[in-house]
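In case you want the letters, here they are:
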Amino acid sequence: MVDYQSKPQILEHLSKSLTVTIYDCKWIPSSARFVALGSYPKTTGCLQVYELQGSDLKLLKEVEKPSSFKCGSFGASSLADRQLATGNFSGKLQLWDLEDTKTPLFDVQAHASIVNAIDGCGGQTRGYGPPEIASCGRDGCVRVWDVRQKDAPVAAFEPSEKDDARDCWCVAFGNSYNDEERRILAGYDNGDVKMFDLRTNKVLWEDNLKNGVCGVQFDRKDIQMNKFIATCLESQFHVFEARTHHPKKGFTSVMESMTKGTTIWSCRHLPQNRDLFMVCGGDGTLSLYKYRYPDQRKIKDSNGVETGVAGTVDLLSYKNLSTQPIASLDWSPDKAGLFVCSSFDQCIRVGICTKLNKVG
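The following paragraphs examine the structure supplied in this document. (Residues numbered from 1 in each chain as written. Predicted model: local features only at pLDDT ≥ 70, side-chain atom pairs only at ≥ 80, totals over all residues. Heavy atoms only, no water.)

Some points on the layout of surface pockets
The probe, sized like a water molecule, is rolled over the atoms to show the empty space still left.
Right, so step 1: A volume near 210 Å³ is recorded for the second largest pocket.
Right, so step 2: Taken together, 15 residues form the lining of the second largest pocket, with G140, P159, S160, Y188 and K194 sitting closest to its centre.
Right, so step 3: For the lining of the second largest pocket, the element with the highest residue contribution is strand β16 (residues 192-197), accounting for three residues.
Right, so step 4: For the lining of the second largest pocket, the residue count by class is six nonpolar, three polar and six charged. (1 Å grid on protein atoms, 1.4 Å probe; cavity = no way out; pocket = protein on both sides within 12 Å on 5 of 7 lines; lining within 4 Å. Points joined across faces, edges and corners; volume = space filled by probe spheres on them. Helix = DSSP H or I, 4+ residues; strand = E, 2+ residues; numbered from the N terminus. Nonpolar A, V, L, I, M, F, W, Y, C, P; charged D, E, K, R; others polar.)

Remarks on the sheet that holds strand β20 (residues 236-241)
Right, so step 1: The sheet built from four strands is open, its strands ordered β18-β19-β20-β21 with antiparallel pairing. The sheet is open, and its two borders are formed by β18 (213-218) and β21 (253-257), each paired with just one other strand. Each adjacent strand pair in this sheet contributes to an overall mean axis angle of 15°, direction not counted.
Right, so step 2: Both strand β19 (residues 227-232) and β20 contribute to a ladder of five bridges, which runs antiparallel. Within the sheet, the bridge partner assigned to F228 lies in β20 and is F240. (Pairing = 2+ DSSP bridges. Axes fitted to C-alpha atoms, helices over the stretch in contact; angles between N-to-C directions.)

Digging into the pattern of salt bridges
Pairs can form between side chains of opposite charge once their charged atoms are near each other.
Right, so step 1: With the rule as written, the count across this model stands at 19 salt bridges.
Right, so step 2: Note that K221 and D119 form a salt bridge whose closest N and O atoms lie 3.0 Å from each other. One end of the pair, K221, is in the loop between β18 and β19; the other, D119, is in strand β10 (residues 115-121), with 102 residues separating them in the sequence.
Right, so step 3: K221 sits in the partly exposed class, given a relative accessible area of 29%.
Right, so step 4: The partner of R349 in a salt bridge is D345, and the shortest N-O contact between them spans 3.0 Å.
Right, so step 5: We classify R349 as buried; its relative accessible area is 8%.
Right, so step 6: Salt bridges sharing common partners tie together E12, D345 and R349. (Salt bridge = Lys/Arg side-chain N within 4 Å of Asp/Glu carboxyl O. Buried < 20%, exposed > 50% of the residue type's maximum accessible area, 1.4 Å probe, protein only.)

Here's the deal with unusual backbone geometry
When glycine is set aside, most residues are seen to have a negative phi, and most peptide bonds are trans.
Right, so step 1: The phi dihedral of R82 is positive, around 50°, even though this residue is not glycine.
Right, so step 2: You can see R82 is positioned in the loop between β6 (69-73) and β7 (84-88).
Right, so step 3: Look at N201: it is not a glycine, yet its phi comes out positive at around 60°.
Right, so step 4: By the element assignment, N201 lies in the loop between β16 and β17 (202-208).
Right, so step 5: By relative accessible area, which is 43% here, N201 ends up partly exposed.

Section: the state of the cysteines
Right, so step 1: Going through the model one piece at a time under the given rule, you end up with zero disulfides.
Right, so step 2: Free cysteine: C121, not disulfide-bonded; nearest cysteine sulfur from C136 at 16 Å.
Right, so step 3: Taking the relative accessible area as the measure of exposure, C121 reaches 5% and is therefore buried.
Right, so step 4: Here C214 is not cross-linked by a disulfide; its sulfur's nearest cysteine counterpart is in C232, at 6.9 Å.
Right, so step 5: What makes C214 buried here is its relative accessible area of 17%. (Disulfide = S-S within 2.5 Å.)

Comments concerning the pairing of β6
Right, so step 1: Burial within β6 is extensive, with four of its five residues counted as buried.
Right, so step 2: Sheet topology note: the β6/β7 ladder contains four bridges and is antiparallel. Looking at β7, one finds that S73 is bridged to A85.

Here's the deal with the side chain of H238
Right, so step 1: Topologically, H238 is positioned in strand β20.
Right, so step 2: In this structure H238 comes out as buried when scored by relative accessible area, which is 8%.
Right, so step 3: For H238, the contacting residues outside a window of four places in its chain are L209, F228, I229, A230, C232, S253, V254 and M255. (Contact = heavy atoms within 4.5 Å.)

Regarding the sheet that holds strand β15 (residues 183-188)
Right, so step 1: The strand order across the open sheet built from four strands is β14-β15-β16-β17, with neighbouring strands paired in antiparallel fashion. If you trace the sheet from one side to the other, it starts and ends with β14 (168-174) and β17, each paired once. The average undirected angle you get between the axes of adjacent strands in this sheet is 15°.

A word on the side chain of N211
Right, so step 1: Structurally, the position occupied by N211 is in the loop between β17 and β18.
Right, so step 2: Here N211 falls in the buried class, since its relative accessible area comes to 17%.
Right, so step 3: Every residue in contact with N211, bar those within four places of it in the chain, is listed here: G191, C232, L233, E234 and Q236.

Given below as structure tokens:
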């Protein structure tokens, strides 16, 4: 008998309705717990810790802070410490010990106003370089912070004209394959995508995707650049081939369109398989894609200069979970296919993707 459902399926394991708005959620590494970050109705910050207990979600901890939380990351913390970095609506970047949240371990005014996104790197057992956090904000600045140095950023990429600053919506680390190399992707509201080289402190590459860039991510942080994704307004996302950089044409890419008019809020690569990724739709839909590499990843142009060749993307599965946008999603680093996501219907959901090991 043929199994007509041999493809992966996205299943909702459980959901919990909340009285707060959640902007970001992150699994606590090496545990069955996750953190939900957001805002109470009175615009104070909400930090909640939940634990999976069978078919139920148990609230272990709830903390209220003066300013709403916008984003979080465990990337700059070791597995032993598991300290949470957060960005809030007041422009502050903070580092928290989840066992004692009275005062932050690290507290700095990172941006003039809201911190839109942060990403951490260098804290885990794999990878290289110092523990750093990249932040981006409404002031158009991208800054890199070393959590051991509290007075000033170790790198800053700021707009030349403050009046013409574009809102920077997303940021991501990558190419951290030794102690010297590390790069940052940043996406802006006018469609700009920029790649900054932290070794040379310069803009390595930039392009305009014609729609505001809501999310960026490398498929892996701790390897030489392989590929990266940028998701946009107006239902588009672009997958860039990052192995070959042409001096004039830059990185080649393939564009995929989803349901007409849907904002794609973010993308998340599966930690156990870098060629599978989930995109979060503004219509409340999760879509699982697989990237397929071309037969040749680079060719020579008419001038004999190597240029990259983009592959293709296949839609493996999709599921509508909500009537409101899915604002954030995080894969479990320990259990393949397990994820947590939050949406603006004030619900937090835990789901499972099945048959990921059978994807050819």
